[in-house]
Each structure stands twice: as structure tokens, then as C-alpha cells.
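Read off the chains here:
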Amino acid sequence: MTDEETEPLLDKLDAAQKVRLLTGASTWRTHAEPAAGLRALTLSDGPAGVRGEAWDERETSLVLPSPTALAASWDERLLTDLGALLAVEARRKGVDVLLAPTLNLHRSPLGGRHFECFSEDPLLTGRTGAALVRGIQSGGVAATAKHFVGNDAETDRLTVDVRMDERTLREVYLAPFEAAVAAGVWAVMSAYNKVDGVTMSASPLLAHPLKDAWGFDGLVVSDWGGVRTLLDAARSGQDLAMPGPDGPWAAGLLAALEEGLVPTGAVDDKVRRLLRLARRVGALGPDRPAPRTATAPEAGRALLRRAVSAGAVLLRNEGGMLPLDASALKSVAVVGPHATAVRIQGGGSAEVFPEHVVTPLAGIERQLDGVAAVTYRPGLPESGRPEPLGRDRSRDPRDGEPGVLVRLLDARGAELHAEHRLSGRIVEPSVRPEGAAAVEIRALFRPAESGTWTWAVGGWGDISLAVDGHEVLAGTFPLDSDDPTRVHVAPPLHTARAELTAGREVEVVALRSLAPGTGVATVLAAAPPAGDPDAALAEAVAAARAADVAVVVVGTTEQSESEGHDRESLDLPEGQDALVRAVVRANPRTVVVVNAGAPVALPWHTRVPALLLAWFPGQEAGDGLADVLFGRAEPGGRLPTTWAAAQDDVPVLRTAPDGAGRLHYAEGPHIGYRAWLRSGAAPAYWFGHGLGYTGWAYEELTAPAAVGAGEPFDVRVRVRNTGRRRGREVVQVYLARACSAVERPVRKLVGYAAVEAEPGESAVAVVRVDGRALAHWSPGRRGWETEAGAFTLLGGRSAGDLPLTARIVARPGADSAGKGSGNGSAHDGERSPLVL
Ligand code: BGC
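Quick summary incoming for the structure in this document. (Residues numbered from 1 in each chain as written. Predicted model: local features only at pLDDT ≥ 70, side-chain atom pairs only at ≥ 80, totals over all residues. Heavy atoms only, no water.)

### Digging into the overall build of the protein
Item 1. Each helix and strand in the protein was counted, giving 18 helices and 37 strands.
Item 2. For 836 residues, the compact-globule estimate of 2.2 N^0.38 gives 28 Å, and the protein sits close to it at 27 Å.
Item 3. Each principal axis of the C-alpha distribution contributes one length, and for the protein these read about 85 × 75 × 50 Å.
Item 4. Expressed as a percentage of its 836 residues, the buried residues of the protein come to 61%.
Item 5. Once local pairs closer than 6 in sequence are excluded, the contacts in the protein between residues at least 24 apart make up 76%.
Item 6. Just so you have it, the protein exposes about 29200 Å², and 51% of that area is on carbon and sulfur atoms.
Item 7. Computed over 88 positive and 105 negative side-chain charges, the inter-centroid distance for the protein is 4 Å. (Helix = DSSP H or I, 4+ residues; strand = E, 2+ residues; numbered from the N terminus. Rg over C-alpha atoms; globule rule 2.2 N^0.38 Å. Buried < 20%, exposed > 50% of the residue type's maximum accessible area, 1.4 Å probe, protein only. Contact = heavy atoms within 4.5 Å. Areas by Shrake-Rupley, 256 points an atom, 1.4 Å probe, with all protein chains shown as cover. Lys, Arg positive; Asp, Glu negative; His and termini not counted. Charge placed at Lys NZ, Arg CZ, Asp CG, Glu CD.)

### Quick word on the packing of helix H5 (residues 122-138) against helix H7 (residues 175-182)
Item 1. Where H5 meets H7, the closest approach of the two axes is 8 Å, and the angle between their N-to-C directions is 30 degrees. Our classification of the angle between H5 and H7 gives roughly parallel. With respect to the hand of their crossing, H5 and H7 are arranged in right-handed fashion. Facing Pro122, Thr125, Gly126 and Ala130 of H5, the residues of H7 in contact are Ala175, Pro176 and Ala179.
Item 2. The residue inventory of the contact of H5 with H7, partitioned by class, reads five nonpolar, two polar and no charged. (Axes fitted to C-alpha atoms, helices over the stretch in contact; angles between N-to-C directions. Parallel < 35°, antiparallel > 145°, perpendicular 65-115°, else oblique. Left-handed = near helix turned anticlockwise from the far one by under 90°. Nonpolar A, V, L, I, M, F, W, Y, C, P; charged D, E, K, R; others polar.)

### A closer look at the site of the ligand
Item 1. Surveying the vicinity of the ligand reveals 13 residues, the closest of which are Asp45, Arg113, Lys146, His147 and Asp223.
Item 2. Separating an oxygen atom of the ligand from a side-chain N or O atom of Asp45 is a distance of 2.5 Å.
Item 3. Here an oxygen atom of the ligand sits 3.0 Å away from a polar atom, N or O, in the side chain of Tyr192.
Item 4. Contact with the protein chains removes 96% of the 310 Å² of surface that the ligand exposes when unbound.
Item 5. Of the residues in the shell around the ligand, the class split is five nonpolar, two polar and six charged. (Near = heavy atom within 4 Å. Polar contact = N/O pair within 3.5 Å; in protein donor to acceptor, adjacent residues only side chain to side chain.)

### Remarks on helix H1 (residues 3-11)
Item 1. Restricting attention to buried positions, one finds in H1 the residues Thr6, Leu9 and Leu10. Looking down the long axis of H1, one finds its buried residues gathered within 105 degrees of arc, a one-sided arrangement. The exposed set on the far side of H1, more than 90 degrees from its buried face, consists of Glu4 and Asp11.
Item 2. For H1, the secondary structure elements touched by its buried residues are helix H2 (15-21) and helix H11 (264-280). (Arc of directions from axis to C-beta.)

### Thoughts on the side chain of Asp577
Item 1. With respect to the helices and strands, the residue Asp577 is situated in helix H16 (residues 576-586).
Item 2. For the buried Asp577, which has no salt bridge, the nearest side chain bearing the opposite charge is Arg581, at an N-O separation of 5.3 Å.
Item 3. Sequence-distant contacts of Asp577, that is, excluding residues within four places in its chain, are made with Leu572, Ala601, Pro603 and Trp604. (Salt bridge = Lys/Arg side-chain N within 4 Å of Asp/Glu carboxyl O.)

### Things to note about unusual backbone geometry
Item 1. Omega for the peptide link from Ala100 to Pro101 comes to 10 degrees, which places this bond in the cis form.
Item 2. Mapped onto the elements of the fold, Pro101 is located in the loop between strand S2 (97-98) and H5.
Item 3. For the bond running from Phe148 to Val149, omega is -5 degrees, close enough to zero to count as cis.
Item 4. Among the secondary structure elements, Val149 is positioned in the loop between strand S3 (142-148) and strand S4 (161-163).
Item 5. Phi at Asp156 is positive, roughly 50 degrees, even though this residue is not glycine.
Item 6. Mapped onto the fold, Asp156 is located in the loop between S3 and S4.

### Structural notes on the sheet that holds strand S6 (residues 194-195)
Item 1. Pairing is mixed in the open sheet, where four strands are placed in the order S7-S6-S4-S27. Looking along the sheet, the strands with just one partner apiece sit at the ends: strand S7 (198-199) and strand S27 (662-664).
Item 2. With two bridges joining them, S6 and S7 adopt antiparallel strand pairing. Looking at S7, one finds that Val195 is bridged to Val198. (Pairing = 2+ DSSP bridges.)

### Describing the sheet that holds strand S32 (residues 748-757)
Item 1. Ordered by their spatial adjacency, five strands build an open sheet running S29-S37-S36-S31-S32, and the pairing between neighbours is mixed. Both edges of this open sheet fall to strand S29 (706-708) and S32, since each of them pairs with a single strand only. Along the sheet, successive strands turn relative to each other by an average axial angle of 30 degrees, direction set aside.
Item 2. Here strand S36 (residues 789-796) runs beside strand S37 (residues 804-811); their pairing, made up of seven bridges, is antiparallel. Bridging from a neighbouring strand, Gly795 pairs with Leu804 of S37.

### With respect to the pairing of strand S20 (residues 470-477)
Item 1. Pairing of strand S19 (residues 461-467) with S20, which is carried by seven bridges, proceeds in the antiparallel orientation. Bridging from a neighbouring strand, Ile463 pairs with Gly475 of S20.
Item 2. The hairpin formed by S19 and S20 contains two residues between the paired strands, and Asp468 there has a positive phi angle of roughly 55 degrees.

Quick look at the structure:
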């Protein structure tokens, strides 16, 4: 079916039918419309995997490495393959529209969704996102570029008013979205925040440049609950309000249309876009339900394992300590709570449920099986933070099966529904019967240790907790937020203590009321008695000392890296820095693995011989990391974001709005490495940095002597493998202009390409530079302009290590509108730009 064939379908719908389509039918679905042969579309998060319609730990998904890790691969082929895998997962779960990728930028390392965004650089973000979009859509599933635009932090995200100058908006923050549109993305999600005083679900930016100048012909879906006004949003380029069935458009759009307050053409355009999206995903025409299958593809696991090593960044490798020669090892000490409780993904709407997790300890043990002895010591006592009960710790009192019993009760306490669940963290029960007034989680719990246990119930409203028949918590906790993540996904925990005896099973009952608007999410969690930190550390130190090699895994927690709030500090959780220092002192042959989705402060980084950044590595974490540690795979990652040595050094940090609710991007285009270059300070590790297992000499850079305005060109960089094994090098090209009539970053990334070579062999990286790279946005002329004259091209291995340079002259002449729009766009369509 073509666009022309979709058009008559519009005529079959009356105003009420059209308007009805523009608000969701439920949390994750749109309305069906039999008159147009349209079935309901199912949307789902994204981006770490495809969760599907249910937020239920029994419905597992393949879990990818965090987007930071994916961007670190600088590997578009891999991204496209992973996108195709996401499409297979989406089809398996009956999902038509995947709410990914996230194209906001790493403006501050404190951003709570940093792990979910790709990079601090617009070009790398745009190319990575575009590759993922192509992969997802190759499987007939829509990708959604989100959150358009300016949602680069979480503090007050529903209301914050982001202010930035027009050049920064065009050249930095809009650029990745422009690249996604150029890649043909079928959906864009408008953000919660405001830009220049207008909430993004009613922003003029949706029309211009998104729809007209860039030619986006897909659907603009709101962020969940993001459409808060009737008329402004309806008159803007906002197309679909999610979720439903309620909302300002469901309530008032039909009347507004009939009264002429919203033009018919505006509503028709929204419906036309919805129908076009439906056609693209196969939801129009004869009933074509998306195929559903129960199990994830086996081949996907191998790809996910490869993605772990492809994104892992080797920050330091003194004396070539890595890779470890397994055959030369007798013993390895694995240390750190994250070696067993690995964080595979960040928190919030991106979260999905893995069917299995390979921990770093398991991965190392597997590769050393029969070769060397592996000992494990956490090195730190239990955190004291209550973790949800689960299959490993509790039983359902009704059938004795591992897990918990969840019941929905009416106002008198009578059971309306009961189900067995595998986790004490319930985002939603599988049904919500009419009249449900309370959620109860009930479990049998056999403590492993005697002493004071900390218990917690998460949720809102009237809450109580009974342990072994004694009420230990009772109170009312009124809703204090309208952020959907805090209300529905990760409600606050309320704690109490109870003395328990090891081995004596007790029944635990948590209850919360269901007041309107407070969601259903309920959590029952527990933490064992506080352990002895000195003893834990001493055990780890002894194990490290006795082993040939120590591997320490440190990282962040679910609390620190999550949607809904920004981080307060870059520090690792308490005790981890001291643990690393103690282990390195005990055994100089120590590898430190960092398990975090975003930068953390590593005050000891120059003291450790080998430092490997694993990010949130997804479900195959341990196998992928062991591949790197023992040299089955080269660490392929290069930093997508600059890492500071200390938080105080970070040039752009603040994420909180001012007293008037405004967040000023006062640094303009100078974020990430551009900010570091401007400040003159040196970070711990530059954007682009990452070591492989071989060495490279940068031998020659050649580029055309001159280029016309707006014309793409190739830069050739010859590198030679100077090491002893085959390797892959990511060759990066930056652009600078010393004397310029306009303000520019000291330098900016304009292209990259990876090459592979055998030892001694040289290879030429052909780096395509887009015609837009030399141009800047002219607010006065509302177009792209190229300054005539000399620019410098710099080639090398990171923003701070660029041994090769060449001069290129931009010839006077008009920028050509058809070519060279940002990041490889095929259509620009801006008014004809001029050249100075
Ligand atoms: C997030 C989006 C997400 C949506 C649906 C929102 O709170 O900002 O990224 O897609 O929820 O879960």
C-alpha cells in the first residue's frame, strides 16, 4: 500500500473517528479503526531491549549493553545488526513501535539518563542513532528518535525551560535528530521539557525544522503524559498523545475542531501520519497481527556477547598487562560486589527483564575452568540497601514456589485477584480488577543471618508491613511527584527494622492502598544485618595477595543511575575507592573493571595497571568481559564521552534550573571535549580514547587542498599496526579554524572510520566528511553558511591525541542545498544559504 492508497482512508473517517485516533487507547496501544482497516499499534520501550506491553518480570527480553556502550563501539555495522535484533524482539512481543533510540546528549556527566544517551558529540550520536534506526526499521518495526529536544538532564524534566542560542540548538542538539530523519526514522518523540518557554509537545520546532525543512513525514508521539494542553499542542506538529485513553485531546479536541479552534487540516495531517506509520509497520489493510513467539533468538545471544567487547573501553594497560594469558595463570582473585551483582542496565523506562545474566565472576570462571583457580570475595559488606525479594530469597506462601504472592484486595480486604510473581518489585499486576483498593505482597522468608534486618515497602498512600505477625511499619505517604517514573516505576521505599533468626522462616506481608493517580507499583525489599567492613576488606586483600592476578569490579547502583533524577556525585558508592586501593597495594597485577553507564570519578586511576570500562554490558556481561580479559576479543571501545579525573574539573556540570525554572546552556556549543579544550584543562581520558591490544602509528593524512561550500569530501589517513596482533583502529578526524568570524569550538569531530590490519601492515582509513562539517548556522540568514578560507583537519586517535594535520580551503560559493546536510542527510531544504 502506498501513500496515495492511504489517502482515501482519511475520507472514510468522520471527525470523531479521526480525533479518537490521536490519543492512545491504553498505556501502550493506539486505537484500532475498522473503518480504515487499521488495527491498534503497540508501542514499547526501548532502548536496552524490547519490554513489550507488560511490565512483568516473567516476560523476559534480550538485554543489550547500555547505549553508552553501543556508541563506544563506533561501529555502525554492529549497531545495525543490534537494531535488527531489536526488531526481531519487537515482532516476538507484538510491538510495532520501539521507543528508541534516545538522541539527547551528554551535556553533563550527572545527567540521570546519561547511560541511555549515546555521546557528548552530535556527530557520533547522530551516526550511532541512524545506524540503529536503520537496523530496527529493516525489520518492519518503527524506531522513535527521542526526546526532541533539550531533554539532556532529568532535574524538573517535566517543566524545565531550556534556553540556548539558535546556533547551539541547530549545530549541537538538533543535529542527531536531523541525522535520524535523514536515515528515514518513522517516529519522533517530543520531550517533556520546554525550549525557549514552550513545552516541546506544542513547540514550533515540530513544524520547523522537523517536518518542513527536514522533510520528516512520520509521526510525532508525545512522551508519556507530555501533552498537557488542548489547543497549543493540537495546533502544533504534535500528532499522537500517549498514553490513553484519557488526556486533554480525548476530552476536548473534537469540540475544539467543531468550533473551528483547531483547523481540520491540522487534524487530518496528524491522522495521515498515523496511517502512514501504520502502513509502514503492517498495521493497515487486511488483519495482519504481528507474529508473536515465546523465545528470544539464540543467535541474539552471540551478538550481545560480541557487543560487550566491542563497546568495552580499555582506558589503561600499563606494560601490556591485558590480555591475560590464561595458560600462564594458576589463580585469579575476583573482588567487588559488582562481580556477582553486576549492573547490566540503567533504571527507569528503559529497563527490561533479562532471562539470564552472565555475571563477571561466572564469565571468568567459565573461561578458566580447568585452567586456573578462581576465588571470589566481595570486599565490602552488604550495602544495607533493601533489595526486592525474589526467587532466590523467598517463597509464595500459597504454593511454596520460589517468589512472592501478589494479591489485589477490595476495600474490605477481600481478594479480587491473586498471582504468583518472581520478584518483590511489582510495577503492575497482570490485571487490575474493578474495585481494587489495595495491593498486597506476601512471602515466606528464611533469613540466612541472625540480627537486625532492614525491610522496605515501596509505593504511595497507606502502607503497612508485618513481619512474622508483628506490624513493623504503618503510615500514610502522600504522592509527592507527578513524574511518571517516580509514580509508576520506582516509587520511594519506606523502611522498618525487624530482628530475625537465621534459618527460622517468617511470613512477611506488605500492603499499600490504591488511591487514584498513585499507580499500582509496590515493592517488598529486605537487607541483611550490617556486616563488618574491615573483615570484608581483609578477606579480599588476602585473596588478592594470594592470587597471580586480581580482578576488581566496581560500579554504580540502580539508585544513582536512573531516569527521573540526576546524579548528585560522580563518586563510586562508599567503600569502592578504598577497596581498589587496597587490592592494588596487595597485588600489583590488578585489573579494575568499571561497571557504570556514565562517567564516575576514578581518583586512583593512575595507580592501577589495567583499567577496563565495561559500561552496563547487558545480559551477556560476564562472557563478553572474559573474552576481553583473556584476549579472545580485543576491547573495541573508544570513549563517546570525556572522563574527568575529578568532579570539580568538569567544565559543564550543573543540571538544575535557576529560580525561574530555566536551565541555561550558557556554554553554547562547547560541551564535552569542546568544553575541556576551551577551558585548557586536561581530563583523565579524552573523548575518542581507548586502547586495543596492538599499537598504531599514524603515518599520513591527505585531503583535498580545496573544497566547495557544502560539498562532502574524503580524508585519507594511513595507519600502521605496530604491535603483535591483528587489531581494529578507530581513526578520527577533527576540524579547526584558528581565525574565524564566528565563534567555533577549538575543534570538533567531523568524521571517523575504522580499519583493521595485521601486525606490520598499514591500512588507509577513508573518512568521509559531510559538506555540512565546514558550515555553521547563521541565525541572521536562517541558513547554513560556509566561511571561505583555510580550515585545519586533524587526524588521530582521540580529541586529545591528533598527530596528523592538513590544511583545506573552503572555496567561495553557495552551500548546495541538496547535499551535505548534517551527518549525511539526503535532503536539507533550508532556504538557500549564503557564503561570506
Ligand atoms: C520516558 C520515555 C519513555 C516513556 C514510556 C517516559 O517517562 O521519558 O523515554 O519512552 O516514559 O515509558
